[in-house]
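Chain by chain, the residues:
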Amino acid sequence: MSAPLMAGMSAPLTVLAAPRLELTRVYHFSAAHRLVSPRLDAEANARLYGHCARPHGHNYYLEVTVAGCPDPLTGMSVDLGRLDAIVAGAVIDRVDHYALEEVPALAGVVTTGESLARAFWGLIRNAGPEVALVQVTVVETAKNRFEYRGGE
Ligand code: NI
């Protein structure tokens, strides 16, 4: 039971209709890669990419940001189990502990952080078209994070 409103008091605010929130879920994978552009010869690749033209690996983080409106009953905006399943199937299971250049889903991708972010966006989008994808971020090192929000 609520107390009656006193003079000068305004009515309490009710929950806004369909508030939109964003949620970021963090995933992890380890993978080997090397930066090699098929459009360049070996010498040009070595000159352009330096150490990164040689096989090496990263402990990557993949951050997936989605939008949703909290369900009035549960308070949750996103089914995290469903999101986890989508991201695992679309990306993590395909790349974890593989050489990225050998991953069929990444065929033709020069595995820079920029290109991985775009490729992962597409893979997640295709696997879960019902997910309101906002941003895909690839964290390659403590110094490098690559954020893709769709479009060109
Ligand atoms: Ni690298």
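K.L.:
I would appreciate a short explanation of the packing of helix 2 (residues 80-95) against helix 3 (residues 113-127) in the present structure.
P.N.:
Two quantities define a packed helix pair, namely the angle between the axes and the distance from one axis to the other. Packing of helix 2 against helix 3 leaves a shortest axis separation of 9 Å and a crossing angle of 130 degrees. Taken as axis vectors, helix 2 and helix 3 run oblique relative to one another. At the point where helix 2 passes helix 3, the crossing takes the right-handed sense. Touching Ile86, Val87, Gly89, Ala90 and Val91 of helix 2 are Phe120, Leu123, Ile124 and Ala127, all from helix 3. Residues belonging to the contact of helix 2 with helix 3 are distributed by class as follows: 8 nonpolar, 1 polar and no charged.

K.L.:
I would appreciate a short explanation of helix 1 (residues 42-49) in the present structure.
P.N.:
An α-helical turn contains 3.6 residues, so any two residues separated by three or four positions project in the same direction. Taken across its 8 residues, helix 1 has 0 buried, putting it largely on the surface. Of the residues one or two after helix 1, Gly50 is the one with positive phi, at around 60 degrees.

K.L.:
What exactly am I supposed to notice about unusual backbone geometry here?
P.N.:
The phi dihedral of His97 is positive, around 65 degrees, even though this residue is not glycine. Relative to the helices and strands, His97 resides in the loop between helix 2 and strand 3 (98-99). Residue classification places His97 among the exposed positions, given that 9 C-beta atoms sit within 10 Å.

K.L.:
Explain the environment of Ser115 to me, please; I cannot follow it from the model alone.
P.N.:
Along the polypeptide, Ser115 turns up in helix 3. Residues Ser115 and Tyr148, spaced 33 residues apart in sequence, show a C-alpha to C-alpha distance of 9.3 Å. If we skip the residues at most four places from it in the chain, Ser115 touches Val109 and Val110.

The rules behind these values
- Residues numbered from 1 in each chain as written.
- Predicted model: local features only at pLDDT ≥ 70, side-chain atom pairs only at ≥ 80, totals over all residues.
- Axes fitted to C-alpha atoms, helices over the stretch in contact; angles between N-to-C directions.
- Helix = DSSP H or I, 4+ residues; strand = E, 2+ residues; numbered from the N terminus.
- Parallel < 35°, antiparallel > 145°, perpendicular 65-115°, else oblique.
- Left-handed = near helix turned anticlockwise from the far one by under 90°.
- Contact = placed C-beta atoms within 7 Å.
- Nonpolar A, V, L, I, M, F, W, Y, C, P; charged D, E, K, R; others polar.
- Buried ≥ 20, exposed ≤ 12 C-beta atoms within 10 Å, placed from the backbone.

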